Amino acid sequence: MVEVANRPKLILGPMATLSHEAFRRIVARFGGCDEYFTEMINAGSLIHAGPFEKYYLLSGPEPEKIVWQLTGNRSDYLAQAARIVGELDGIGVDVNMGCSAPQIAKTGAGISWMTKPIDQTVEMIRGVRREVKSKRLSVKMRLGDESFDDEKLVSFCRILVEEGVQMITLHARTKKEKHRGHARWEKVELLAREFPKIPVILNGDVKDVPSFRGAIKAAPSAHGVMVATAAAQKPWIFRTLSDSLQEGGADAIEIDCQQLALDFIDDVEKYQPTEFWKTRLQRFFAYYCLNFSFAHYFQTQMLGAKDNDDSRNRVKEYFEKCKCDRLMKIL
């Protein structure tokens, strides 16, 4: 089995309530993931030492692969937060310029940095760049609002690159589209060709080997592919995508699906505050349960669990009833 040279990087995307250390640990056990973006860290909460911020700063299990993603609506806060995370282990700092969730965008954070007067965005990037120092500065963005066109997109990205942005991840949808419709992978190729000296990463709609192949065919100049929600359902997806690029085939992946679920619950207890346990488990199992024969039933059971012990019991009960679902073999 020979690894293909210059294969695209495989990156875990930032997901609220999901891209935390407990989740990274079950992804890491299968291998194949080159970088882990953290869930959004609110710059204001971080610099004011919010009660839960220390959990957002956990960097395991592979600190050298961490990318710290920051969100916020104030340039000074983002710069100060960049100074804090820039001193930690990891590849670098990413500024969230793509989140279109109303609770984020309406505050002036996320995708709002693409629609504000450009001088405000430049000021923010300059401030963050100064504080990141030797680490990589990247941005994760969308196409923009509904009036975007190729010229506007390229012009905006050129300004970012001139101000020191060293990697761009493009979720190739507009603000309004959110996750509807198909991501325009060809726009990733456009940026990758326009900016060959920096990595341009494709994000959106990669959920399995066929879609991965379709994405890299549509954007062959892209430096990598970011996967988010599909990894929540299938934490082994980076291994399967990596294996799909091997010459001469790859070893089968054998998964004890019950044990994986129980290990995740254990890790949530270790690496998340008590106040977060229920929401973190609910978010994960909303996706993970989709793998199984009676997905809706299993999902309903897990979302209704009263506490962690009840979650453990419900996992065991499901796989006792559906023994054929417990062991999964992926070729």
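See above for the structure.
Residues numbered from 1 in each chain as written. Predicted model: local features only at pLDDT ≥ 70, side-chain atom pairs only at ≥ 80, totals over all residues. Heavy atoms only, no water.

Remarks on the overall build of the protein chain
Helix and strand counts for the protein chain stand at 16 helices and 13 strands. Here the C-alpha atoms of the protein chain give a radius of gyration of 20 Å, agreeing with the 20 Å that 2.2 N^0.38 yields for 331 residues. Summarising its shape, the C-alpha atoms of the protein chain cover approximately 60 × 50 × 35 Å along the three principal directions. Relative to its 331 residues, the protein chain shows a buried fraction of 55%. For the protein chain, contacts bridging at least 24 residues in sequence account for 72% of all contacts bridging at least 6. Of the roughly 14600 Å² that the protein chain leaves accessible, carbon and sulfur atoms contribute 50%. (Helix = DSSP H or I, 4+ residues; strand = E, 2+ residues; numbered from the N terminus. Rg over C-alpha atoms; globule rule 2.2 N^0.38 Å. Buried < 20%, exposed > 50% of the residue type's maximum accessible area, 1.4 Å probe, protein only. Contact = heavy atoms within 4.5 Å. Areas by Shrake-Rupley, 256 points an atom, 1.4 Å probe, with all protein chains shown as cover.)

Regarding the packing of helix H13 (residues 257-271) against helix H14 (residues 277-288)
For the pair H13 and H14, interaxial distance at closest approach is 10 Å and the crossing angle is 155°. Taken together, H13 and H14 sit at an angle that is classed as roughly antiparallel. Crossing of H13 over H14 shows right-handed handedness. Packed against H13, whose contacting residues are Cys257, Leu260, Ala261, Phe264, Ile265, Val268 and Glu269, the element H14 presents Trp277, Arg280, Leu281, Phe284, Phe285 and Tyr288 at the interface. (Axes fitted to C-alpha atoms, helices over the stretch in contact; angles between N-to-C directions. Parallel < 35°, antiparallel > 145°, perpendicular 65-115°, else oblique. Left-handed = near helix turned anticlockwise from the far one by under 90°.)

Some points on the side chain of Glu21
With respect to the helices and strands, Glu21 occurs in helix H1 (residues 21-28). With relative accessibility at 6%, the residue Glu21 sits in the buried group. A polar contact of 2.8 Å, which involves the side chain of Glu21, links it to the side chain of Arg25. A polar contact of 3.1 Å, which involves the side chain of Glu21, links it to the backbone nitrogen of Gly60. With near-sequence residues (within four places) excluded, Glu21 lies in contact with Leu58, Ser59, Gly60, Pro61 and Tyr271. (Polar contact = N/O pair within 3.5 Å; in protein donor to acceptor, adjacent residues only side chain to side chain.)

Here's the deal with the pattern of salt bridges
Opposite charge on two side chains lets them pair, provided their charged atoms get close. In the structure shown here, the tally under the stated rule is 24 salt bridges. Arg29 serves as the salt-bridge partner of Asp263, at 3.1 Å between the closest nitrogen and oxygen. Of this pair, Asp263 sits in helix H13 while Arg29 sits in the loop between H1 and strand S3 (35-37), and the two are 234 residues apart along the sequence. With a relative accessible area of 19%, Asp263 lands in the buried category. Note on Arg29: relative accessible area 43%, which makes it partly exposed. (Salt bridge = Lys/Arg side-chain N within 4 Å of Asp/Glu carboxyl O.)

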